[in-house]
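Each chain is listed here by its residues.
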Amino acid sequence: MDDNLPDDVLSSIFSQLAIQADSATPFEGDPAAAFYEINALRSTNQRFRALIENDETIRSKINKLEKISLFDRATRAMKEAENPACTKTTNDIITYHGLTDPKFQDRVRSAAAARDIDAIPDMVAPAAIELHGVTLPDNQDSIKWRATRRDIIAGMAAPTAIERNEMTDRSMQDRAKMILGEHSRQEGGRGR
């Protein structure tokens with residue numbers, strides 16, 4: 001968008017996007033689309049950004065738009081993070097979808113780490129956790145469990161899978177070893 005547009009034109013553009021969002025019902029319209037448009041304009045046009053920062057009414061409408069579109073934006077972000085074809089970084093996904101709540105951010109980070117565990121056989125849990133910046137211990141444990149289970153089912157010895165995925169929780173280690181035992185029995189039973 002041209003950075004030289006007058007403020008009244010920028011206000012009009014914002015108003016049209018806000019009207020689109022306000023008129024949206026659960027069955028028609030797309031408040032998230034209005035959010036994405038406003039966010040794109042805000043990030044690429046300095047005068048539009050200044051207008052938003054200086055106009056309390058506009059800021060209030062943007063806050064309302066952020067609230068009503070949050071669930072849809074979080075859902076879209078999760079789908080993107082889970083998609084094996086996605087090439088965006090986790091931070092790019094979080095930024096594009098405007099997810100500022102750390103809980104939503106960590107869910108997206110965890111989904112992307114789990115995606116990599118599933119898609120890349122050599123990806124170990126610590127690398128996936130670090131790559132995607134997963135911070136919540138419960139989510140880290142879940143990723144470690146997922147990677148260890150994958151490795152055991154692929155034929156790796158439980159102690160090796162536990163060590164390489166840095167699974168330190170004792171009960172989870174025992175559970176992983178039980179999977180190995182069950183998996184071995186199933187493999188042995190097939191040949192009989």
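Structure first, text after, so check above.
Residue numbers here run from 1 along each chain, matching the order of that chain's written sequence. pLDDT decides what is reported in this predicted model: residues at 70 or higher carry local features, side-chain atom pairs at 80 or more are listed and counted, and totals for whole chains, interfaces and linings draw on all residues regardless. Processing note: side-chain calculations cover all non-hydrogen atoms of the structure and skip hydrogens and water entirely.

Let us now look at the overall build of the protein chain. In this text, helices come from DSSP runs of H or I with a minimum length of four residues, and strands from runs of E with a minimum of two, each type numbered from the N-terminal end. Broken down by element type, the protein chain carries ten helices and zero strands. Along the chain direction, N to C, the helices and strands of the protein chain fall in the order α-α-α-α-α-α-α-α-α-α. Exposed residues in this analysis have more than 50% of their type's maximum accessible area, buried residues have under 20%, and partly exposed residues fall in between, with area computed by a 1.4 Å probe over protein chains only. Every one of the 192 residues in the protein chain was classed for burial, and the buried ones make up 36%. Taking the intrachain contacts of the protein chain between residues at least 6 apart in sequence as the baseline, contacts between residues at least 24 apart amount to 56%. Method for areas: the Shrake-Rupley scheme with a 1.4 Å probe, in which residue coverage is limited to the protein chains shown. Of the roughly 11,400 Å² of accessible surface on the protein chain, a fraction of 51% belongs to carbon and sulfur atoms. Contact criterion: two residues are considered in contact whenever any of their non-hydrogen atoms come within 4.5 Å of each other.

For the rest of this paragraph, the subject is unusual backbone geometry. Excluding glycine, most residues fall at negative phi; most peptide bonds, likewise, are trans. The phi dihedral of Glu166 falls on the positive side, at around 50°, and the residue is not glycine. Within the secondary structure, Glu166 sits in the loop between helix 9 (158–164) and helix 10 (170–190).

Our focus in this paragraph is the layout of surface pockets. Considering only enclosed or pocket space, the largest pocket measures out at about 240 Å³ in volume. In the cavity and pocket records, a cavity denotes points on a 1 Å grid over the protein atoms alone where a 1.4 Å probe fits but cannot get out, a pocket denotes an open set with protein on both sides within 12 Å along at least 5 of 7 lines, and lining residues are residues with an atom within 4 Å of a point. Around the largest pocket, the lining comprises 14 residues; the ones closest to its centre are Glu66, Arg73, Gly98, Leu99 and Thr100. Taken together, the elements giving at least two residues each to the lining of the largest pocket come down to helix 2 (31–44), helix 4 (56–82) and helix 5 (90–96). Top element by residues in the lining of the largest pocket is helix 4. It accounts for five residues. The residue inventory of the lining of the largest pocket, partitioned by class, reads four nonpolar, five polar and five charged. Grid points are joined across faces, edges and corners, and a volume is the space filled by probe spheres set on the points. Basically, the charged four are Asp, Glu, Lys and Arg, the nonpolar ten are Ala, Val, Leu, Ile, Met, Phe, Trp, Tyr, Cys and Pro, and anything else, Gly included, counts as polar.

The subject of this paragraph is the nonpolar core. Counting twelve residues, the largest nonpolar core is built from Ala32, Ala34, Phe35, Tyr36, Ile38, Leu41, Phe48, Leu51, Ile52, Ile58, Ile62 and Leu65. Broken down by secondary-structure element, the contributors of at least two residues to this core are helix 2, helix 3 (46–54) and helix 4. Sort the elements by how many residues they give to this core and helix 2 lands first, with six residues. By size, the runner-up hydrophobic cluster in this structure holds ten residues, among which are Ala74, Ile94, Leu99 and Val108. Here the nonpolar core consists of buried residues drawn from Ala, Val, Leu, Ile, Met, Phe, Trp, Tyr and Cys, with membership extended through side-chain atoms lying within 4.5 Å.

A few words now on helix 8 (residues 137–153). Expected span, for any helix, means 1.5 Å times one less than how many residues it has. Here helix 8 spans 24 Å end to end across 17 residues, near enough to the 24 Å set by a 1.5 Å rise per residue. Among all positions in helix 8, only Ile143, Lys144, Trp145, Ala147, Thr148, Arg150, Asp151 and Ile152 are buried. Remark: Gly155 follows helix 8 within two positions and exhibits a positive phi of approximately 110°.

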